[in-house]
Amino acid sequence: MDIRALLGGLLFALIWSSAFASARIIVEAAPPLTALALRFLISGGIGIGIALAMGQSMRLSAAQWRAVVIFGICQNALYLGLNFVAMQWIEASLAAIIASTMPLLVAAASWGLFRDRLPALGLAGLAAGFFGVGLIMVQRLSGGADALGIVLCLIGAVALTVATLAVRVAAQGGGNLLMIVGLQMLVGSAVLAPIAALTETIVVDWSVPLVVAFAYTTLMPGLLATLIWFWLVGRIGATRAATFHFLNPVFGVAIAAVLLGEGLSWVDALGVAIVAAGILAVQLSRAKPA
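Residues numbered from 1 in each chain as written. Predicted model: local features only at pLDDT ≥ 70, side-chain atom pairs only at ≥ 80, totals over all residues. Heavy atoms only, no water.

The name an unreviewed UniProt entry gives the protein chain is Peptide ABC transporter permease, with Roseicyclus marinus as the organism. What UniProt states about the protein chain under its Subcellular location (unreviewed entry) heading is, verbatim, "Membrane". Quoted verbatim from the Sequence similarities (unreviewed entry) heading of the UniProt record, the comment on the protein chain is "Belongs to the EamA transporter family." (UniProt positions renumbered as here; feature names shortened; annotations may be inferred.)

Here it is as structure tokens:
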């Protein structure tokens, strides 16, 4: 892995993990699906505008268009939509930890459904990762965490897994990479906007933190992090790129503690360490030659 990929992966993990804290600020002051649909509309419009200025084209292959639609629905509408709704009731750190199970779910699906070989280290990593998440959830539930919020985040993690499996196709033909990123944002906006219109009342508690959080999540996690992720998968492959996800539970919990003042018990710290180790073990085992 070259230095550019390493730095890109670290930057992706940091930005991706910070999205949970900024999302928590947003959903405490504005309707979640409306805010998310607007974020996707702005991010997608900016991305497509820059892509057109760079000479990129919307002439994608049929496989790329399918991947854009799947990614837009599964990651943006389902994964982020469910997480934004859930974070009205649960802490950002817990949402980040649950979302960080995606590499474990991808590995489990590849092993159980697609018969991909997974060495003993990978199996041990799967077991450890799911144990760590279970440990945290049992502790949080006993402490009064909202069960519905946890379920929504779990469903979102499954949707993110499906989106990740579609990234490889969408990342091919990197010349239109920014265009692809922008288009899948618009897919998410198109799906969420009518749902938000039917289910939410637009009441916003305006404040400087809300404006800053919305601008940040629109430009950084919304556009830059997604662009880095597509670029990273195209440069080093999905398996190596997913290795950086082992940093997400660590970064996510730390950022939520610093920015939002969320508490961290010794059980949380132990669970985060176990999850991170499990993700790293799975990705290292999959990176080895069969």
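Notes on the packing of aromatic side chains
For the coordinates displayed, the defined rule picks out 4 aromatic pairs. Pairing Phe 12 with Trp 16 gives two aromatic rings, centres 6.5 Å apart and planes at 40°, and the pair type is tilted. One end of the pair, Phe 12, and the other, Trp 16, are both in helix α1 (residues 3-27), 4 residues apart, so they sit about a helical turn from each other. Both residues of the pair, Phe 12 and Trp 16, count as buried. (Phe/Tyr/Trp six-rings, centres within 6.5 Å; stacked < 30°, edge-to-face > 60°. Helix = DSSP H or I, 4+ residues; strand = E, 2+ residues; numbered from the N terminus. Buried < 20%, exposed > 50% of the residue type's maximum accessible area, 1.4 Å probe, protein only.)

A word on the side chain of Ser 43
If you trace the backbone, Ser 43 turns up in helix α2 (residues 32-53). With sequence-adjacent residues up to four places away left out, Ser 43 is seen in contact with Met 185, Thr 218, Gly 222 and Leu 223. (Contact = heavy atoms within 4.5 Å.)

Remarks on empty space enclosed by the protein
Tallying each qualifying case throughout the model produces 1 cavity of 30 Å³ or more. Quantified by volume, the largest cavity comes out at close to 290 Å³. Lining the largest cavity are 27 residues, with Trp 16, Gln 75, Tyr 79, Leu 80 and Pro 221 sitting closest to its centre. Those elements that place two or more of their residues in the lining of the largest cavity are α1, α2, α3 (62-86), α7 (147-170) and α9 (208-236). (1 Å grid on protein atoms, 1.4 Å probe; cavity = no way out; pocket = protein on both sides within 12 Å on 5 of 7 lines; lining within 4 Å. Points joined across faces, edges and corners; volume = space filled by probe spheres on them.)

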